Amino acid sequence: MAGKAWGGVFREGQDQRVEAFTESVSFDRRLYSHDIEGSVAHAQMLAKVGLLTDEECRQIEQGLTEIRHEIEQGRFEFKTELEDIHMHIERALIERLGDVGRKLHTGRSRNDQVSTDLRMWCREAIDQINERVLHLQTAFVGRCDADADCILPAYTHMRRAQPVLAPHYWLAYCEKFERDRLRLIDCRTRVNVSGLGAAALAGTSLPIDPQDTAKRLQFDSVAANSLDVSGDRDFVVEFAFVLTMIAEHLSGWAEEWILWSTVEFDFLRLPEAFCTGSSIMPQKINPDVLELIRGKTGRVVGNLQALLVLVKGLPLAYNRDLQEDKPRLFDSFDTVRDCLDIAAPLVEGAKLNREAIESRLEHGYLDATTLMEHLIMRGTPQRTAHQTVGALVRKAKDRDVALKELTTKELQEVDENLDDGVLKVLGVKNAVDAFQSYGSTAPQQVKTQVDIWKSKLGLG
Ligand code: ARG
């Protein structure tokens with residue numbers, strides 16, 4: 001075990017198979033930049049408290065900078081026997097500086113080091129996702145003016161329910177993604193706590209200054225309990241959950257737009273640049289991008305599940321199981337980032353088929369509930385009004401006509417008090433105009449919300 005940083009106590013060499021089985025550098029090399037940044041801050045703190053001389057600190061900073069360049073230029077050699085990215089960087093430093101390099105790990109363990117690196121990585125990843133979610137919201141809000149007067153059927157149980165303005169749909173997605181953004185921001189506050197100083201699990205007898213490293217690395221605070229923070233991965237699970245909610249929201253949207261772009265619905269034309277063809281059926285223009293957004297949600301959900309099971313039943317403090325957190329987290333991040341990146345141009349480029357939508361808008365009795373509410377306003381108890389409109393829909397269905405096409409005689413066969421007055425709420429256009437409540441699809445409400453979103457997103 002002579003070559004190992006931890007080899008002192010061992011009498012036997014390590015089985016080759018163990019090296020390959022336990023390594024993590026194949027995936028945690030992704031943390032190299034954060035690891036170097038963390039080590040620079042750690043060295044500076046060690047110099048400040050007198051555990052390193054200023055000259056030693058300078059050499060370490062210089063050495064780490066050179067190692068960073070080597071990695072970035074692809075000249076750095078990764079070897080399985082050095083386990084993880086932390087050992088690789090430290091070993092490279094020792095090869096350059098000898099004993100000075102051997103001092104870097106003073107007052108630190110890989111346990112607090114990896115936790116800190118990963119928190120720094122999460123911080124950046126959260127900011128990147130946040131930015132992309134904002135971009136997607138901007139794409140939805142960007143459609144609102146052009147689609148302002150387009151009425152769409154809205155569904156419950158996948159059955160036509162009530163009419164809504166197209167921007168009401170677009171802003172519905174903005175609201176979902178806004179909750180995701182708030183979750184990201186909230187999650188970031190728990191991510192942004194420094195674990196450096198916890199050392200292996202109990203802290204250290206050396207006179208280190210964890211507040212100092214935390215400040216240098218822009219953490220909001222230092223964890224108050226070393227035993228907790230050294231093995232805590234709540235922040236990983238939490239971020240993975242927020243990513244999962246984003247994936248779920250994207251997946252529901254993708255499903256809806258796949259349906260809307262079918263010949264059967266014909267509500268929407270997807271931009272051809274974002275569709276793919278069939279190798280056998282020449283006519284096909286397939287929504288593969290949307291299908292993959294929907295499909296990739298499976299891996300993101302799976303990653304969250306894997307992480308939840310990973311931390312289940314782990315005793316305090318660090319356990320090697322925790323090394324398995326990174327592949328799952330990285331995959332969720334990459335997947336959701338890529339989905340968000342490709343979703344935005346799709347939202348921008350899709351076109352509503354106004355004619356096809358309009359031609360069938362009076363099918364499905366989208367105005368029935370508004371008629372019921374009109375009767376309520378005229379003094380009819382809700383349950384009675386519901387029955388009355390139910391009977392009118394029955395009559396209209398039997399003749400295969402819309403409610404507004406019923407004759408006065410037919411209206412009065414159901415309720416003798418009814419007359420042409422009901423026409424002012426019938427037909428989808430009238431029905432939409434009749435809405436009033438806050439947050440509804442009432443044109444004025446939708447306009448107000450569009451304006452709120454525009455100013456929130458800084459759109460002119
Ligand atoms: N590669 C390890 C991980 O990702 C680093 C921490 C190793 N700590 C230890 N005590 N073996 O979790």
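All of the points below concern the structure found in this document. (Residues numbered from 1 in each chain as written. Predicted model: local features only at pLDDT ≥ 70, side-chain atom pairs only at ≥ 80, totals over all residues. Heavy atoms only, no water.)

### Details of helix H5 (residues 85-97)
Then, number 1: In this model, H5 (13 residues) spans 18 Å end to end at C-alpha, consistent with the 18 Å of a helix rising 1.5 Å per residue.
Then, number 2: Taken as a whole, H5 has its buried residues at Ile85, His86, Met87, His88, Ile89, Glu90, Ala92, Leu93 and Ile94.
Then, number 3: In the core, the buried residues of H5 are packed alongside helix H2 (25-28), helix H3 (32-48), helix H4 (54-72), helix H6 (99-102) and helix H7 (110-143).
Then, number 4: Following H5 by one or two positions, glycine 98 has its phi on the positive side, about 60°. (Helix = DSSP H or I, 4+ residues; strand = E, 2+ residues; numbered from the N terminus. Expected span 1.5 Å × (residues − 1). Buried < 20%, exposed > 50% of the residue type's maximum accessible area, 1.4 Å probe, protein only. Contact = heavy atoms within 4.5 Å.)

### What about unusual backbone geometry?
Then, number 1: Look at the link from leucine 316 to alanine 317: it is a cis peptide, with omega at 0°.
Then, number 2: Unlike most non-glycine residues, glutamate 83 shows phi in positive territory, near 60°.
Then, number 3: Assignment of secondary structure puts glutamate 83 in the loop between H4 and H5.
Then, number 4: The exposure class assigned to glutamate 83 is buried, which follows from its relative accessible area of 7%.
Then, number 5: The backbone phi angle of aspartate 400 is positive, close to 55°, even though this residue is not glycine.
Then, number 6: Along the chain, aspartate 400 turns up in the loop between helix H16 (382-399) and helix H17 (408-414).
Then, number 7: For aspartate 400, a relative accessible area of 68% gives the class exposed.

### Some details on the site of the ligand
Then, number 1: Taken together, Ser24, Asp28, Asp84, Arg110, Asn111, Val114, Tyr318, Arg320, Gln323 and Lys326 make up the full set of residues adjacent to the ligand.
Then, number 2: In the environment of the ligand, a nitrogen atom lies 3.3 Å from a nitrogen or oxygen atom belonging to the side chain of serine 24.
Then, number 3: Glutamine 323 is positioned with one of its side-chain polar atoms (N or O) 2.8 Å from a nitrogen atom of the ligand.
Then, number 4: Considered on its own, the ligand offers 350 Å² of accessible surface; in the complex 86% of this is hidden by protein. (Near = heavy atom within 4 Å. Polar contact = N/O pair within 3.5 Å; in protein donor to acceptor, adjacent residues only side chain to side chain. Areas by Shrake-Rupley, 256 points an atom, 1.4 Å probe, with all protein chains shown as cover.)

### Some thoughts on a nonpolar patch on the surface
Then, number 1: Residues Leu201, Leu227 and Leu316 make up a contiguous nonpolar surface patch of about 270 Å² in total accessible area.
Then, number 2: You can see leucine 201 is positioned in the loop between strand S3 (193-194) and helix H9 (210-216). (Patch = residues over 30% accessible without salt bridge, like charges linked within 9 Å, V, L, I, M, F, W, Y side chains within 5 Å. Salt bridge = Lys/Arg side-chain N within 4 Å of Asp/Glu carboxyl O.)

### Some remarks on the pattern of salt bridges
Then, number 1: Inspection of every chain in the model, using the stated rule, returns 39 salt bridges.
Then, number 2: Among the salt bridges present, the one from lysine 326 reaches aspartate 325, with a minimum N-O distance of 2.9 Å.
Then, number 3: By relative accessible area, aspartate 325 is classed as buried at 1%.
Then, number 4: Put simply, Arg30, Asp334, Arg337 and Asp338 are held in one network by salt bridges that share partners.

### Here's the deal with the packing of aromatic side chains
Then, number 1: Evaluated as defined, the whole model comprises 16 aromatic pairs.
Then, number 2: Judged by centre distance (6.5 Å) and plane angle (75°), the ring pair of phenylalanine 140 and tryptophan 257 falls under edge-to-face. In this pair, phenylalanine 140 sits in helix H7 while tryptophan 257 sits in helix H11 (residues 234-260), placing the two residues 117 residues apart along the sequence.
Then, number 3: Residue phenylalanine 140 is classed as buried on the basis of its relative accessible area of 1%.
Then, number 4: Tryptophan 257 sits in the buried class, given a relative accessible area of 0%.
Then, number 5: Ring geometry for tryptophan 253 and tryptophan 257: centres 5.3 Å apart, planes at 55°, overall tilted. (Phe/Tyr/Trp six-rings, centres within 6.5 Å; stacked < 30°, edge-to-face > 60°.)

### Details of the packing of H3 against H4
Then, number 1: Packing of H3 against H4 leaves a shortest axis separation of 9 Å and a crossing angle of 175°. The orientation of H3 with respect to H4, classified from their angle, is roughly antiparallel. Facing Tyr32, Ser33, Ile36, Glu37, Ser39, Val40, Ala43, Gln44 and Ala47 of H3, the residues of H4 in contact are Asp54, Cys57, Ile60, Glu61, Leu64, Ile67, Arg68, Ile71 and Glu72.
Then, number 2: The residue inventory of the contact of H3 with H4, partitioned by class, reads 10 nonpolar, three polar and five charged. (Axes fitted to C-alpha atoms, helices over the stretch in contact; angles between N-to-C directions. Parallel < 35°, antiparallel > 145°, perpendicular 65-115°, else oblique. Nonpolar A, V, L, I, M, F, W, Y, C, P; charged D, E, K, R; others polar.)

### Details of the pairing of strand S1 (residues 151-156)
Then, number 1: As paired strands, S1 and strand S2 (residues 159-165) are joined by six bridges and run antiparallel to one another. Each bridged residue has a counterpart across the sheet, and for threonine 156 the counterpart in S2 is arginine 159.
Then, number 2: Taken together, S1 and the strand that follows it, S2, pair antiparallel across an intervening segment of two residues, in which histidine 157 is found at a positive phi of about 55°. (Pairing = 2+ DSSP bridges.)

### Some words on the side chain of serine 194
Then, number 1: Assignment of secondary structure puts serine 194 in strand S3.
Then, number 2: Not counting residues within four places of it along the chain, the set of residues in contact with serine 194 comprises Ala214, Phe219, Ser221, Val222 and Ala223.

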